[in-house]
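Residue-level structural notes
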Amino acid sequence: KYERSRLNRTACIAIHGCQCRICGFDFSEKYGPLGDGFIHVHHITPVSEITPGYRVNPESDLIPVCPNCHAMLHRTDPPLSPDQLIRFLKESDF
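The sections below set out a description of the structure shown in this document. (Residues numbered from 1 in each chain as written. Predicted model: local features only at pLDDT ≥ 70, side-chain atom pairs only at ≥ 80, totals over all residues. Heavy atoms only, no water.)

1. Quick notes on the overall build of the protein chain
Secondary structure summary: the protein chain contains four helices and two strands in total. Radius of gyration (C-alpha) of the protein chain: 14 Å, near the 12 Å computed for a compact globule of 94 residues. Seen through its principal axes, the protein chain has C-alpha atoms that stretch 40 × 30 × 20 Å. Expressed as a percentage of the 94 residues in the protein chain, the buried residues total 32%. Sequence-distant contacts in the protein chain: of pairs separated by 6 or more residues, those separated by 24 or more amount to 59%. For the protein chain, the accessible area works out to roughly 6700 Å², and carbon and sulfur atoms hold 52% of it. Positive and negative charge centroids in the protein chain, built from 10 and 11 side chains respectively, lie 5 Å apart. (Helix = DSSP H or I, 4+ residues; strand = E, 2+ residues; numbered from the N terminus. Rg over C-alpha atoms; globule rule 2.2 N^0.38 Å. Buried < 20%, exposed > 50% of the residue type's maximum accessible area, 1.4 Å probe, protein only. Contact = heavy atoms within 4.5 Å. Areas by Shrake-Rupley, 256 points an atom, 1.4 Å probe, with all protein chains shown as cover. Lys, Arg positive; Asp, Glu negative; His and termini not counted. Charge placed at Lys NZ, Arg CZ, Asp CG, Glu CD.)

2. Things to note about the nonpolar core
In this structure, Cys20, Ile22, Ile39, Val65 and Cys69 are the most contacted members of the largest nonpolar core, which totals 17 residues. Every element with two or more residues in this core is listed here: α1 (6-16), β2 (62-65) and α3 (67-73). For this core, the element with the most residues is β2, which contributes three residues. Not counting the four nearest positions on each side in its chain, Ile22 is found in contact with Ile63, Val65, Cys69, Pro82, Leu85, Ile86 and Leu89. (Core = buried A, V, L, I, M, F, W, Y, C linked by side-chain atoms within 4.5 Å.)

3. Structural notes on the pairing of β2
Residue alternation in β2 divides its side chains into two sets, Leu62 and Pro64 and Ile63 and Val65, and both sets are buried. Alignment of strand β1 (residues 40-43) against β2, held across four bridges, turns out to be antiparallel. For His40, the partnering residue across the bridge sits in β2 and is Val65. (Pairing = 2+ DSSP bridges.)

Printed below as a string of structure tokens:
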């Protein structure tokens, strides 16, 4: 069983910041102090594929995403890659 790590989450945010890497949303810009530091963290390698002994690299294995983008990444099985969702947003007329 893989346990999500607060240390990895903290390291991801320290490296990448709190802005969504998919759409650019920043909770602190929209909500001020209430939104400071709020962001979801997405595993590039799905948690279900993490094997015993795997060491998550917060810089390359995790990215900050807003809850909406995080949900959209997981709408398919396997999840969309961040690049696929970014392309989808750029190509859509929504």
